[in-house]
Amino acid sequence: MKTIFRRFWKLLLGGIILFTATILLSNYWVTQQAEGKTFDNIVEVPDNPTGLVLGTSKRVRGGGENLYFKYRMQAAVELFKAGKIKFIIVSGDNSIMEYNETRDMKNSLIQMGIPEDKIVEDFAGFSTLDSVLRAKEVFGQDSLTIISQEFHNERAIFIGKNHDIYALGFNARDVPKRYGTVTVTREYFARVKAMLDVYILKSMPKFYKDKEPFPNEE
């Protein structure tokens, strides 16, 4: 019986060590792949034809304002008004009638002064991978400035880099630590999934074969 227990605890300990190592390695590798490609200062951001805003809900549970959403919209407007991008893809989840990230992002940008004809809606951005790869496969954009918080931008750049997309990141203002604890924790697991998607599963978006028109630069 003691031998069985020893084997069990050894297997458990080994599993914990492997699990922890996988999380740490994934986090390190994604960060390294995006090194030098994310920017906090608007002056330092290279020009790019298209910005890609990664979706999130406008409201948190309970109806309060989602700061992730607010700061991403502000960052997108800052980039556009500085002439760093000419078009903005808003990519989010629109899987049910009552929940439309894409519509909320577009409406917010218009209210903040972005011309409607400069905004392209991607209603099938169900995940970061979907949003990044659909920008290329569906809308024909393989040079992007991704707009989200830094940790999110790094993962999106990693995905894009491994699919022949020239991707930079403009970092939206981060949220207070206590506010974003769950999101930051979840990001560690998202990076493991990103590694699996890129290197093992070779994942592609749920919808990507049908092309959609993209406005021409005037």
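Just above, that's the structure.
Rules used throughout
- Residues numbered from 1 in each chain as written.
- Predicted model: local features only at pLDDT ≥ 70, side-chain atom pairs only at ≥ 80, totals over all residues.
- Heavy atoms only, no water.
- Buried < 20%, exposed > 50% of the residue type's maximum accessible area, 1.4 Å probe, protein only.
- Helix = DSSP H or I, 4+ residues; strand = E, 2+ residues; numbered from the N terminus.
- Pairing = 2+ DSSP bridges.
- Right-handed = clockwise from strand over helix to strand, strands pointing away.
- Phe/Tyr/Trp six-rings, centres within 6.5 Å; stacked < 30°, edge-to-face > 60°.

1. Section: the pairing of strand S5 (residues 143–148)
- Extensive coverage of S5 is indicated by the burial of six of its six residues.
- Neither face of S5 is exposed, since Ser143, Thr145 and Ile147 on one face and Leu144, Ile146 and Ser148 on the opposite face are all buried.
- Relative to S5, strand S2 (residues 50–54) is paired through four bridges, and the arrangement is parallel. Its bridge partner lying in S5, Val53 is registered against Ile147.
- Summarising the sheet, S5 and strand S6 (residues 166–171) pair through six bridges and their orientation is parallel. Each bridged residue has a counterpart across the sheet, and for Leu144 the counterpart in S6 is Ala167.
- Handedness of the crossover joining S5 and S6 through helix H5 (residues 150–161) is recorded here as right-handed.

2. Regarding the packing of aromatic side chains
- Applying the stated rule across the entire model yields seven aromatic pairs.
- Summarising the aromatic geometry, the rings of Phe126 and Phe207 are spaced 6.2 Å apart at their centres and angled 65° between planes, so their arrangement reads as edge-to-face. Linking Phe126 in the loop between strand S4 (119–122) and helix H4 (128–137) with Phe207 in the segment after helix H6 (181–201), this pair joins segments that are 81 residues apart in sequence.
- Ring-pair connections join several aromatic residues into one group, and the members of that group are Tyr68, Phe151 and Tyr179.

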